[in-house]
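# Overview (structure and organization)
Below, each chain spelled out in residue letters.
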Amino acid sequence: MGLTGAPPAQLTLEDVPAGQAGSGSGLFNTVAQLAASAGVAVIGVIFFPLLEPRGYGAAFGVTIRVSLALLALTVAVSFLLPRRPPGARAAVPGA
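Residues numbered from 1 in each chain as written. Predicted model: local features only at pLDDT ≥ 70, side-chain atom pairs only at ≥ 80, totals over all residues. Heavy atoms only, no water.

## With respect to helix α3 (residues 56–78)
Put simply, the test is: The secondary structure listing takes helices from DSSP runs of H or I that are at least 4 residues long and strands from runs of E that are at least 2 residues long, numbered from the N terminus. Any helix carries an expected span of 1.5 Å times its number of residues minus one. For every residue, the accessible area (1.4 Å probe, protein chains only) is compared with the maximum for its type, and the residue is labelled buried under 20%, exposed over 50%, or partly exposed between those bounds. The contact rule is simple, with two residues in contact once any of their heavy atoms fall within 4.5 Å.
Between its first and last C-alpha, α3 extends 32 Å over 23 residues, near the 33 Å set by a 1.5 Å rise per residue. All of the buried residues in α3 are A59, G61, V62 and T63. Those residues of α3 that are buried are in contact with α2 (21–54).

Here is the structure:
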């Protein structure tokens, strides 16, 4: 979680003005919690229908493969995020 949580927070919040830092942080945390909840719900929708006919091991195997595929997709899409030249920083008012 630490490897995946900190970089998006920095990228997302670095352009938020200092006076809006609380609102930006609250919005970021809310979206992160909603995304985590949606992820658990999606995996649950896949896991529980497979539990009865296939058993725990098979249901877990399918859901872990789906989870890994979604993780790979997320990593691939992360390379589409905008990049800044090395050393370029957002302007901080009053700094």
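Back to the write-up after that little detour.
## What about a nonpolar patch on the surface?
Note the cut-off: Residues form patches when they are more than 30% accessible in relative terms and have no salt bridge. Like charges link within 9 Å. Nonpolar side chains (Val, Leu, Ile, Met, Phe, Trp, Tyr) link within 5 Å. Only the protein chains shown count as cover for residues, and the accessible areas themselves come from Shrake-Rupley with a 1.4 Å probe. In what follows, salt bridge is the name for a side-chain nitrogen of Lys or Arg lying within 4 Å of a carboxyl oxygen of Asp or Glu.
On the surface, a nonpolar cluster with roughly 720 Å² of combined accessible area is contributed by Y56, F60, I64, L68, L71, V75 and F79. Position of L68 relative to the elements: it lies in helix α3. Note on L68: relative accessible area 53%, which makes it exposed.

## Regarding the environment of S25
Structurally, the position occupied by S25 is in helix α2. C-alpha of S25 to C-alpha of A9: the two residues are 16 residues apart in sequence and 8.4 Å apart in space.

## Considerations on the side chain of T63
The residue T63 is located in helix α3 in this model. Contact partners of T63, with chain neighbours within four places excluded, come to I43, I46 and F47.

## Observations regarding the packing of aromatic side chains
A ring pair, where both rings are aromatic, is described by two values, the distance of the centres and the angle of the planes. Put simply, the test is: Aromatic rings from Phe, Tyr and Trp, taking only the six-membered ring of Trp, are treated as a pair when their centres fall within 6.5 Å; an angle between ring planes under 30 degrees marks them as stacked, one over 60 as edge-to-face, and anything in between as tilted.
What the rule picks out here adds up to three aromatic pairs. Ring centres 5.0 Å apart and planes at 80° place the aromatic pair F47 and F48 in the edge-to-face group. The exposure class of F47 is buried, given its relative accessible area of 13%. Relative to Y56, the ring of F47 has its centre 5.7 Å away and its plane inclined at 80°; by these criteria the two rings are edge-to-face.

## Let's talk about the environment of L11
Relative to the helices and strands, L11 resides in helix α1 (residues 2–13). L11 sits 71 residues away from P82 along the chain, and the two C-alpha atoms are 9.4 Å apart.

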